[in-house]
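Chain by chain, the residues:
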Amino acid sequence: MDLGLREKVAIVGGASRGLGRACAERLAREGAHLVIVARGEDELACAATAIAAETGTEVMPVAIDQSRPEGIQTIVERAMERFGRIDILVNNTGGPPPGRFDDHDDAAWQAAFEGTLMSVVRLCRAAVPIMRTQGWGRIVNDTSFTVKEPADRLILSNVFRVGVVALSKTLAREVAADGITVNCVCPGAFDTDRLRAIFREQAAASGQDIEDVRREWKERIPIGRLQRPEELADLVAFLVSDRAAAITGACLPVDGGLTRGLF
Ligand SMILES: NC(=O)c1ccc[n+]([C@@H]2O[C@H](COP(=O)([O-])OP(=O)(O)OC[C@H]3O[C@@H](n4cnc5c(N)ncnc54)[C@H](OP(=O)(O)O)[C@@H]3O)[C@@H](O)[C@H]2O)c1
């Protein structure tokens, strides 16, 4: 299926590894040019070089902290300087630290608010006027299965990602007439650094062996395995294509059947 992404310009957040990197690779294979973002300069530069070499598209790394307002402005300015347009925005960044209610002080709540919710607000605010002028745009916000079923020991993620879903649903209606769609994807349990950190934290908190924690997670997933980052990237590539013009305001899980809720 031709997704029609050749020569489109996409910003992909948190793209030096994990889910963001898989999304970036997938969009580049479809012929999109990329602005990829993460804080660690060396790892990000390596990712940009590798993706460009594999796909032949232009990949510009912007090493910046997405939780800071000035960082967001820089991403958009650099994208416009280099490519003169922004067609696709994949909002993705690192997850907030795990823990229970008693574990987090005001500073932790504020950091999670800035990193998880405000980074999305600010990137959308900067990109939407450009997409409006173009009469076409695609925004996909990476959230978590926890927006459908809050997870134990992930209270910061549970709270602020629901805000991202509410933002997406509301914004989707406001920008629909401008040819812009806004959707959320909800990853379940993907074998990435982030999930391995969660396994370590749960093992330390419960006194279990980390392999037992991993096995218990797998047993909760009906398909019987962790998901692969490419499986999320395939959905993101479809959602940012012309084919998905009628899908907006949606919140779609890629979780191997993990969540039990009806919606
Ligand atoms: N893996 C899963 O199963 C799963 C499930 C549900 C939800 N999620 C969520 O999906 C997102 C991506 O997950 P992942 O597994 O790919 O995580 P990951 O492997 O830890 O990768 C996170 C990426 O984001 C970058 N990043 C982190 N903080 C950043 C910041 N403040 N500004 C810019 N870039 C930043 C990291 O690079 P630097 O550290 O160099 O900045 C890295 O490239 C996370 O929010 C995670 O909580 C993941």
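See the structure shown above.
Procedures and definitions
- Residues numbered from 1 in each chain as written.
- Predicted model: local features only at pLDDT ≥ 70, side-chain atom pairs only at ≥ 80, totals over all residues.
- Heavy atoms only, no water.
- Near = heavy atom within 4 Å.
- Polar contact = N/O pair within 3.5 Å; in protein donor to acceptor, adjacent residues only side chain to side chain.
- Areas by Shrake-Rupley, 256 points an atom, 1.4 Å probe, with all protein chains shown as cover.
- Helix = DSSP H or I, 4+ residues; strand = E, 2+ residues; numbered from the N terminus.
- Pairing = 2+ DSSP bridges.
- Axes fitted to C-alpha atoms, helices over the stretch in contact; angles between N-to-C directions.
- Contact = heavy atoms within 4.5 Å.
- Buried < 20%, exposed > 50% of the residue type's maximum accessible area, 1.4 Å probe, protein only.
- Salt bridge = Lys/Arg side-chain N within 4 Å of Asp/Glu carboxyl O.

(A) Region of the structure containing the site of the ligand. Residues in close proximity to the ligand total 27 residues, the closest being S16, T93, R161, F190 and T192. At 2.8 Å from an oxygen atom of the ligand is found a main-chain nitrogen or oxygen belonging to G40. The contact in question runs from an oxygen atom of the ligand to an N or O atom on the backbone of G188, over 3.5 Å. Relative to its unbound accessible area of 880 Å², the ligand is 92% covered by the protein chains. At the level of secondary structure, the elements contributing two or more residues to the shell around the ligand comprise α1 (18-29) and α6 (193-206).

(B) Summary view of the sheet that holds strand β6 (residues 180-187). Taken together, the 7 strands give an open sheet; going across it, the order is β3-β2-β1-β4-β5-β6-β7, and neighbouring strands pair in parallel fashion. Pairing within the sheet leaves two strands with one partner each, and these edge strands are β3 (59-63) and β7 (251-254). Each neighbouring strand pair of the sheet contributes to a mean axis angle of 15°, computed without reference to strand direction. By the bridge criterion, 5 bridges tie strand β2 (residues 33-38) to β3 in an arrangement that is parallel. Following the sheet pairing, V37 is matched in β3 by V62. Packed on one face of the sheet, helix α5 (residues 155-175) meets β5 (137-142), β6 and β7 and runs near 160° to β6. Taken strand by strand, helix α8 (residues 229-239) contacts β4 (88-91), β5, β6 and β7, and its axis lies near 170° from that of β6.

(C) Inspection of the side chain of E114 at higher detail. Tracing the backbone through its elements, the reader meets E114 in helix α4 (residues 106-134). Judged by its relative accessible area of 19%, E114 falls in the buried class.

(D) Expanded view of the pattern of salt bridges. Under the counting rule described, the total for this entry stands at 22 salt bridges. Note that E201 is salt-bridged to R153, the shortest N-O span being 2.6 Å. One end of the pair, E201, is in helix α6; the other, R153, is in the loop between β5 and α5, and 48 residues separate them in sequence. We classify R153 as partly exposed; its relative accessible area is 23%. Among the ionic pairs, D191 bridges to R196, the shortest N-O distance being 2.9 Å. In this structure D191 comes out as partly exposed when scored by relative accessible area, which is 34%.

Limitation: the analysis is restricted to geometry and does not speak to function.
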